[in-house]
Amino acid sequence: MIRIAVVGAGGWGKNLVRNYFQIAEADLRYVCDLDEKRLEAAESQFPGIRTTSDFDALLLDTELDAVVIATSAPTHYSLAKRALLANKDVYVEKPFVLDVAEAKELIKLAEDRERILMVGHLLEYHPVVEKLREMIKSGELGDIYYVYSQRLNLGTVRQDENALWNFAPHDISSILFLLGKEPVDIAARGQSYLRDGVEDVVFFTLTFADNSMANIHVSWLDPHKVRKLTIVGSNKMAVFDDLEATEKLRIYDKGAEFATDYDSYAEYVGLRFGDVTIPYIKSGEPLRTECMHFLDCIRDRTQPLSDGYDGLRVVKVLDAAQRSLKNNGVPVLLD
Ligand SMILES: NC(=O)c1ccc[n+]([C@@H]2O[C@H](COP(=O)([O-])OP(=O)(O)OC[C@H]3O[C@@H](n4cnc5c(N)ncnc54)[C@H](O)[C@@H]3O)[C@@H](O)[C@H]2O)c1
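Owing to the predicted nature of the structure, the values given are computational and were not obtained by experimental measurement. (Residues numbered from 1 in each chain as written. Predicted model: local features only at pLDDT ≥ 70, side-chain atom pairs only at ≥ 80, totals over all residues. Heavy atoms only, no water.)

A word on the sheet that holds strand β7 (residues 144–154)
Read from one edge of the open sheet, 9 strands run β14-β13-β12-β11-β7-β10-β9-β8-β15, paired in mixed fashion. With one partner strand each, in any of the chains shown, β14 (269–277) and β15 (332–333) form the two edges of the open sheet. Strands β7, β9 (201–207), β10 (213–219) and β11 (221–233) of the sheet are contacted by helix α7 (residues 163–179), whose axis makes an angle of about 155° with β10. (Pairing = 2+ DSSP bridges. Helix = DSSP H or I, 4+ residues; strand = E, 2+ residues; numbered from the N terminus. Contact = heavy atoms within 4.5 Å. Axes fitted to C-alpha atoms, helices over the stretch in contact; angles between N-to-C directions.)

As structure tokens, this is what we get:
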């Protein structure tokens, strides 16, 4: 049995509490939050759980194996560092941290202390993303020309982080995971309409060394609720719509073809319109898969799929996008 503490039982943290409460391999030893109301809500929903508002005190429990951090982003670095220094395995929600140097420091600390460090990049545990990754790897979609992702809503307006840091870790982590490469530059434009200095809407583009591109549009100020990823390959195209209840993935056997025998440019580039298929994908809660993966890594002492390095890759992109945003969209080169 792996003994877990969940820190932060807010809007998202309560889902982590529910999962670790339900999973037989986990012993949810503590739920920690600074807000008494959140602790009372957890106690009434999950009878018998122990709650506390004292993070440092729970770290003194030598029987506690791991800490799951689901507090607001600016607190991640300090809480994760304290947990690693107390020799706990650590899971940190996205965004991992708000600074590249902090990400590197936590990775080193985890390595020095032989601790598991995992970042909550949920979409890497989504069965549709797994299926898309297989299709890209096998070459079924062909060369990937470009992808674009939209994460829009008329939703919670954050005070302490902008729409880029709040929403885009999902899009960046899944796109880097799918393409298996890192961008060479990033250009971002966005605006703060509701609160000065906190961008409500951001459009940004990642360019890769092979000229493939990924464009991401995030906003909490939009009439539509959209969670969509479109991939355009040289053989086929794919659309992942996470708001669809069951038919989340459609594969379009469409594309452009080049003729070998032609008299005009119109004859040289022909368009192909083929079948649209909906692959069967077994359903399942990605968060449950993610929690199970963290427990497996703790038990087997293996590196998580979304480890600290994965967290660092995403923070590097966020950091570069933020710098471009502040500089009116001038592209920022990544190392
Ligand atoms: N993976 C996902 O799909 C997903 C979805 C939503 C949010 N998140 C992430 O989860 C994290 C939390 O988001 P949320 O929407 O639940 O925020 P929230 O504001 O609803 O909840 C955060 C909770 O953390 C508590 N907290 C803050 N500092 C603390 C501390 N030092 N010790 C103990 N408790 C503390 C707050 O009291 C609050 O109850 C963020 O990093 C967010 O980006 C992930």
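What about the environment of K88?
Structurally, K88 can be placed in the loop between α4 (76–85) and β5 (89–93). A C-alpha to C-alpha distance of 24 Å links K88 and E124, two positions 36 residues apart in sequence. Sequence-distant contacts of K88, that is, excluding residues within four places in its chain, are made with L59, D61, T62, L64, D65, A66, V67, A83 and R115. A polar atom in the side chain of K88 sits 2.8 Å from the backbone oxygen of D61. (Polar contact = N/O pair within 3.5 Å; in protein donor to acceptor, adjacent residues only side chain to side chain.)

Notes on the nonpolar core
F204 and I231 are the most contacted members of the largest nonpolar core, which has 75 residues in total. Ranked by the residues each element gives to this core, the list is headed by α7, at 11 residues. With near-sequence residues (within four places) excluded, F204 lies in contact with L164, A168, I172, I186, A187, A188, A214, N215, I216, V317 and A321. (Core = buried A, V, L, I, M, F, W, Y, C linked by side-chain atoms within 4.5 Å. Buried < 20%, exposed > 50% of the residue type's maximum accessible area, 1.4 Å probe, protein only.)

Re the sheet that holds strand β2 (residues 26–32)
On the basis of which strands lie adjacent, the open sheet formed by 6 strands has the order β3-β2-β1-β4-β5-β6 and parallel pairing. Unpaired on one side and paired on the other, β3 (51–52) and β6 (117–120) mark the two borders of the sheet. Examined bridge by bridge, strand β1 (residues 2–7) and strand β4 (residues 66–69) share 4 bridges and lie parallel to one another. The partner of A5 across the bridge, within β4, is V67.

Describing empty space enclosed by the protein
Empty space among the atoms becomes visible once a probe the size of a water molecule is rolled across them. Per the counting criterion, the structure on display carries 1 cavity of 30 Å³ or more. What lines the largest cavity is L123, S149, R151, D171, S174, I175, R227, K228, L229, F240 and D242. Secondary-structure elements contributing two or more residues to the lining of the largest cavity are β7, α7 and β11. In terms of residue class, the lining of the largest cavity is made up of 4 nonpolar, 2 polar and 5 charged. (1 Å grid on protein atoms, 1.4 Å probe; cavity = no way out; pocket = protein on both sides within 12 Å on 5 of 7 lines; lining within 4 Å. Points joined across faces, edges and corners; volume = space filled by probe spheres on them. Nonpolar A, V, L, I, M, F, W, Y, C, P; charged D, E, K, R; others polar.)

A look at the layout of surface pockets
Within this model, the largest pocket holds a volume of roughly 1200 Å³. In terms of lining, the largest pocket is formed by 47 residues, of which the most central are G11, W12, K94, R158 and N166. Those elements giving two or more residues to the lining of the largest pocket turn out to be α1 (13–22), α4, β7, α7, β11 and α9 (286–300). The class makeup of the residues in the lining of the largest pocket is 16 nonpolar, 17 polar and 14 charged. In this model, the second largest pocket occupies a volume close to 240 Å³. As for the second largest pocket, its lining consists of 16 residues, of which A245, T246, K248, I281 and S283 are closest to the centre. Looking at the lining of the second largest pocket residue by residue, the class counts come to 8 nonpolar, 4 polar and 4 charged.

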